[in-house]
Amino acid sequence: EAEVAQSPRYKITEKSQAVAFWCDPISGHATLYWYRQILGQGPELLVQFQDESVVDDSQLPKDRFSAERLKGVDSTLKIQPAELGDSAMYLCASSLSSGQTYEQYFGPGTRLTVT
Amino acid sequence: SQKIEQNSEALNIQEGKTATLTCNYTNYSPAYLQWYRQDPGRGPVFLLLIRENEKEKRKERLKVTFDTTLKQSLFHITASQPADSATYLCALDIRNYGGSQGNLIFGKGTKLSVKP
């Protein structure tokens with residue numbers, strides 16, 4: 001069964017350092033999402049891509065976060081510089097863009113700890 | 001602003017009983033609502049989607065209802081098993097509220113524990 005791949009699974013970094021996360025969606029899924037999930041909360045959308053274009057980054061802290069999906073397939077989310085409050089689970093999800101339903105398929109996530 | 005509430009942070013039930021989880025929302029008229037399961041340290045897994053014009057949806061031991069008048073969805077697991085223990089998240093589509101197609105807002109989730 002096809003899955004969304006993410007790496008690394010765990011990342012520990014010091015504040016003010018740069019960190020990057022990678023996501024490979026399910027083949028054929030045109031829509032890709034990056035979420036942040038704080039312990040005890042639901043996922044919160046950071047950015048949504050349709051193919052290589054950003055369709056929603058209204059909740060992305062653009063002074064320190066950036067995201068790209070250059071060829072419309074895999075994607076990278078970067079934080080520079082990292083802050084203590086960025087410690088969270090970063091989830092990538094993908095979905096088909098056609099049809100009426102938009103169920104999302106999530107990867108295993110990257111657990112970020114900023115010290 | 002949009003608001004989603006899942007009725008309780010935790011629900012403990014006995015194996016074999018029916019678990020009922022509640023999702024309430026305000027200031028919305030979502031086109032559809034989704035339920036996900038999340039195990040500790042893992043990403044959410046899609047379970048069911050129900051559209052605004054559907055009253056009820058079933059999948060094996062799962063049943064979801066959607067009452068757009070009450071602005072509420074109920075999620076039922078019948079004949080619950082210890083393996084059903086997880087956090088269950090409801091999510092609403094927000095395309096009618098400035099969101100792009102496919103955008104969801106998630107509730108905080110309800111942690112279900114099924115005791116043998």
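Residues numbered from 1 in each chain as written. Chains lettered and ligands numbered in written order. Predicted model: local features only at pLDDT ≥ 70, side-chain atom pairs only at ≥ 80, totals over all residues. Heavy atoms only, no water.

**Student:** Describe the interface of chain A and chain B, and please don't skip the residues or the numbers.
**Tutor:** Many structure descriptions define interface size as the accessible area lost when the parts assemble. In this assembly, 22 residues from chain A lie in contact with 21 residues from chain B. Summed over both partners, the interface of chain A with chain B comes to about 1700 Å²; 48% of that surface belongs to carbon and sulfur atoms. Between chain A and chain B we count zero salt bridges in total. Seen at the junction of chain A and chain B, the total is three residue pairs in polar contact (both at pLDDT 80 or more). Elements supplying a minimum of two residues to the side of chain A that touches chain B: strand 4 (31–37), strand 5 (44–50), strand 6 (53–56) and strand 9 (88–95) of chain A. A total of three residues in the side of chain A that touches chain B trace back to one element, the largest contributor, which is strand 4 of chain A. Of the residues assigned to the side of chain A that touches chain B, the class counts are 10 nonpolar, nine polar and three charged. (Contact = heavy atoms within 4.5 Å. Buried area = accessible area lost by both parts, 1.4 Å probe. Salt bridge = Lys/Arg side-chain N within 4 Å of Asp/Glu carboxyl O. Polar contact = N/O pair within 3.5 Å; in protein donor to acceptor, adjacent residues only side chain to side chain. Helix = DSSP H or I, 4+ residues; strand = E, 2+ residues; numbered from the N terminus. Nonpolar A, V, L, I, M, F, W, Y, C, P; charged D, E, K, R; others polar.)

**Student:** Give a detailed account of the sheet that holds strand 7 (residues 62–67) of chain B, specifying residues and quantitative values.
**Tutor:** Residues and elements named next belong to chain B. The five strands are arranged 1-3-8-7-6 in an open sheet whose pairing can be described as antiparallel. If you trace the sheet from one side to the other, it starts and ends with strand 1 (3–6) and strand 6 (56–59), each paired once. Taken over all neighbouring pairs, the strand axes of this sheet differ in orientation by 15° on average, direction set aside. The pairing of strand 1 with strand 3 (residues 19–26) spans four bridges and is antiparallel. Bridge pairing links Ile4 to Tyr25 in strand 3. (Pairing = 2+ DSSP bridges. Axes fitted to C-alpha atoms, helices over the stretch in contact; angles between N-to-C directions.)

**Student:** Describe the environment of Gln81(B), with residues and values.
**Tutor:** Residues and elements named next belong to chain B. Looking at the secondary structure, you find Gln81 in the loop between strand 8 (72–77) and strand 9 (86–93). For Gln81 and Gln14, which are 67 residues apart along the polypeptide, the C-alpha to C-alpha distance reads 8.3 Å. Sequence-distant contacts of Gln81, defined by excluding residues within four places in its chain, comprise Glu15, Arg61 and Val114.

**Student:** I'd love a proper account of the nonpolar core, names of residues and values included.
**Tutor:** Ranked by internal contacts, the top residues of the largest apolar core, which has 24 residues, are Trp35(B), Phe75(B), Ile77(B), Tyr88(B), Leu92(B) and Leu112(B). Among the secondary structure elements, those contributing two or more residues to this core are strand 3, strand 4 (32–38), strand 5 (45–51), strand 7, strand 8, strand 9 and strand 11 (110–115) of chain B. (Core = buried A, V, L, I, M, F, W, Y, C linked by side-chain atoms within 4.5 Å. Buried < 20%, exposed > 50% of the residue type's maximum accessible area, 1.4 Å probe, protein only.)

**Student:** Please provide a residue-by-residue account of the environment of Val54(A), values included.
**Tutor:** Residue and element names in this part refer to chain A. By the element assignment, Val54 lies in strand 6. The class for Val54 is partly exposed, based on a relative accessible area of 40%. On a C-alpha basis, the gap between Val54 and Cys92 in space is 15 Å, while along the polypeptide they are 38 residues apart. In contact with Val54, not counting residues within four places along its chain, are Val47, Gln48 and Phe49.

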